[in-house]
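Breakdown of the fold
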Amino acid sequence: MRKNCENCSQSFEPEPGFYFGAMFISYALNTVLFIAVWVAYSTLVEEFSILELLLLIGMSALLLLPVFFRLSRSIWITIFVPFQGKNQSANS
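Anyway, here's the lowdown on the structure attached to this text.

1. Examining helix H1 (residues 22-44)
Between its first and last C-alpha atoms H1 spans 33 Å; for 23 residues at 1.5 Å apiece the expected length is 33 Å, and the two agree. For H1, the full list of buried residues reads Ala22, Ile25, Ser26, Asn30, Leu33, Val37 and Tyr41. Buried residues along H1 sit in contact with helix H2 (50-80).

2. A few points about the side chain of Ser72
Position of Ser72 among the secondary structure elements: in helix H2. A relative accessible area of 3% places Ser72 in the buried class. In this structure the side chain of Ser72 is engaged in a polar contact, spanning 3.0 Å, whose partner is the backbone oxygen of Phe69. Discounting residues that sit within four places of it in the chain, Ser72 has contacts with Ala22, Ile25, Ser26 and Leu29.

Reading guide: rules and limits
Residues numbered from 1 in each chain as written. Predicted model: local features only at pLDDT ≥ 70, side-chain atom pairs only at ≥ 80, totals over all residues. Heavy atoms only, no water. Helix = DSSP H or I, 4+ residues; strand = E, 2+ residues; numbered from the N terminus. Expected span 1.5 Å × (residues − 1). Buried < 20%, exposed > 50% of the residue type's maximum accessible area, 1.4 Å probe, protein only. Contact = heavy atoms within 4.5 Å. Polar contact = N/O pair within 3.5 Å; in protein donor to acceptor, adjacent residues only side chain to side chain.

Function cannot be read off these values alone, since they describe shape.
As structure tokens, then:
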């Protein structure tokens, strides 16, 4: 991720270890993904093995890893740093 926001100059690293909590957001996102893949696969395929399901879940988790990484960090910083609008300084 970038060091600062391009619009408002907000630091994306307010303090060391700030994004530790983003791992819980990522955990929640992955849980939703796992359940969604399981429900979709069990709806589409009548009989399947647990290995097939685990491989499908693992592949989908790996493919979405970069998306979930950024999304969880964005959600986490949004909880603590209020949006101030375009072209407004983070220090004002």
